[in-house]
Amino acid sequence: MAAKQAEPKTFQWEGKDKSGNASKGKIDAPDIATAKALLRKQGINPKKVVKERVSAFGAKNQSIKPLDVAFFTRQMATMMKSGVPLLQALDIVANGVEKEKLKKVVYDLRNQVNEGNEFSSSLRRHPLLFDDLYCNLVEAGEKSGALETMLDRIASYKEKVEALKAKIKKALTYPAAVLVVGVIVAALLLVKVVPQFESVFQGFGADLPAFTKMVINFSEVAQEWWFVGLVGALVIGFLLKKTHQKSEKFRDWVDRTSLKIPVIGDILHNASIARFSRTLETTFAAGVPLVNALDSAAGAAGNVVYRTAILQIKNGVSTGQSLQSATAFTGVFPNMAVQMIGIGEEAGSLDTMLDKVATYYEDEVDNAVDNLSSLIEPMIMVVLGVLVGGLVIAMYLPIFKLGSVV
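Before going into details, it helps to say that this report is about the structure given with it.

Rules used throughout
- Residues numbered from 1 in each chain as written.
- Predicted model: local features only at pLDDT ≥ 70, side-chain atom pairs only at ≥ 80, totals over all residues.
- Heavy atoms only, no water.
- Helix = DSSP H or I, 4+ residues; strand = E, 2+ residues; numbered from the N terminus.
- Rg over C-alpha atoms; globule rule 2.2 N^0.38 Å.
- Buried < 20%, exposed > 50% of the residue type's maximum accessible area, 1.4 Å probe, protein only.
- Contact = heavy atoms within 4.5 Å.
- Lys, Arg positive; Asp, Glu negative; His and termini not counted.
- Charge placed at Lys NZ, Arg CZ, Asp CG, Glu CD.
- Core = buried A, V, L, I, M, F, W, Y, C linked by side-chain atoms within 4.5 Å.
- Phe/Tyr/Trp six-rings, centres within 6.5 Å; stacked < 30°, edge-to-face > 60°.

1. Some points on the overall build of the protein
Along the backbone of the protein there are 15 helices and 3 strands. Scaling as 2.2 N^0.38, a compact globule of 406 residues should have a C-alpha radius of gyration of about 22 Å, whereas the protein reaches 30 Å, well beyond that. Taken over the C-alpha atoms alone, the protein extends approximately 95 × 75 × 35 Å along its principal axes. Relative to its full complement of 406 residues, the protein shows a buried share of 38%. Considering only contacts in the protein between residues 6 or more positions apart, those separated by 24 or more positions represent 59%. Averaging the locations of the 47 positively and 41 negatively charged side chains of the protein gives two centres separated by 8 Å.

Dropping the structure here:
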């Protein structure tokens with residue numbers, strides 16, 4: 001069994017090059033002595049070598065995102081398809097990683113493989129980054145002797161899933177951001193602007209319109225309780241986040257409710273269908289039995305409604321139903337998807353047809369997100385008009401009334 005290699009660290013150095021000119025830079029090495037030796041081999045006389053200090057807010061300490069895992073997988077697939085051995089490919093990827101956390105993970109994988117462990121079992125040491133689907137597909141690739149092909153398939157799958165997530169996030173972020181800005185502007189008007197008008201109205205000597213009185217009352221409440229309201233909103237947001245993390249019932253309620261939101265609900269429906277089709281296509285094409293592939297698809301559905309439906313499909317298939325009839329029986333999936341699955345079953349090309357279904361619904365999500373601005377702008381304008389325009393009108397009504405009296 002090969003000895004475990006020490007994990008390299010990044011060192012900052014200062015010294016002189018062959019010409020005697022001052023120079024500085026960074027180098028990766030297991031320890032300072034090795035770093036100095038490597039520098040001397042490069043013709044550099046090191047005067048100062050210290051371990052690099054990275055700020056807590058620096059790029060190297062950023063959390064590992066799913067897109068980073070997808071990029072890692074793509075790099076591994078590309079190198080292994082080019083004939084680079086697994087251990088060497090892990091070495092090359094580790095040396096090129098910028099995020100410190102991900103670099104440690106890759107070095108751990110390299111050390112585990114170097115000790116004779118299977119790549120899939122090494123991946124299972126990091127379940128937060130590499131889920132069961134990922135590890136099972138890698139294991140299938142190892143057993144079939146086609147690991148590089150499987151990594152390429154996983155990379156494509158991860159890239160498409162993350163692209164889909166990014167589109168959904170874009171769809172949800174735009175209207176939410178506009179509404180938040182509108183609420184902030186309205187709050188500032190109530191706290192800072194309305195009191196100025198109120199002091200002017202006191203000298204009119206006439207009754208104010210009911211709408212203006214209502215806004216002034218709101219302003220007085222906002223001035224007195226704005227801090228409590230702000231803290232309350234933060235506390236409620238925190239509690240909702242924690243409840244969402246800990247309560248499965250609450251998460252399920254959010255999933256079901258989100259599917260009923262106009263415009264957004266359609267995007268979430270199509271995204272869940274796309275994820276189901278893409279996951280099932282990837283696993284089934286990799287040689288995973290259909291029942292096990294449906295398990296993976298249920299875990300990747302992203303919504304309790306579709307997760308429940310997919311598990312129902314799995315039970316139907318387990319009892320001898322065709323995938324088409326089991327899918328149709330749920331009443332969740334559209335007829336087009338059901339019919340294409342049936343065609344794929346009959347033709348013996350289920351993975352190809354599932355790929356077409358996934359591509360179609362991914363395109364639907366893409367188009368819906370692109371058109372979202374034009375679809376949702378009228379609604380946003382109405383909300384902003386009520387919030388901001390209503391306050392402005394309330395403040396100018398007494399002035400209009402005074403002008404009519406004069």
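Once the structure has been displayed, the description carries forward.
2. Considerations on the nonpolar core
One finds Phe-72, Phe-119 and Phe-130 to be the most contacted residues of the largest nonpolar core, which totals 78 residues. Apart from the residues lying within four places of it in its own chain, the contact partners of Phe-72 are Leu-90, Val-93, Val-106, Leu-109, Phe-119, Phe-130 and Tyr-134. Membership of the second largest hydrophobic core comes to 12 residues, among which are Val-194, Phe-201, Leu-208 and Ile-216.

3. Some thoughts on the environment of Gly-15
Mapped onto the elements, Gly-15 comes out in strand E1 (residues 9–16). We classify Gly-15 as buried; its relative accessible area is 8%. As a C-alpha pair, Gly-15 and Ile-44 span 29 residues in sequence and 6.6 Å in three-dimensional space. If near-sequence neighbours (up to four positions away) are discounted, Gly-15 is found in contact with Asn-21, Ala-22, Ser-23, Asn-45, Pro-46 and Lys-47.

4. Concerning the packing of aromatic side chains
Under the definition given, this model contains 6 aromatic pairs. Aromatic pair Phe-130 and Tyr-134: ring centres 5.0 Å apart, planes at 55 degrees, arrangement tilted. Relative accessible area serves as the criterion here: at 3%, Phe-130 is assigned to the buried category. Plain terms: the ring middles of Phe-276 and Phe-333 are 4.8 Å apart, the flat faces sit at 45 degrees to each other, and that makes the pair tilted. Placement of Phe-276 in helix H10 (residues 264–285) and of Phe-333 in the loop between helix H13 (323–330) and helix H14 (335–347) is noted, with a sequence separation of 57 residues between them. Taken individually, Phe-276 and Phe-333 each receive the classification buried, so the pair is uniform in this respect.

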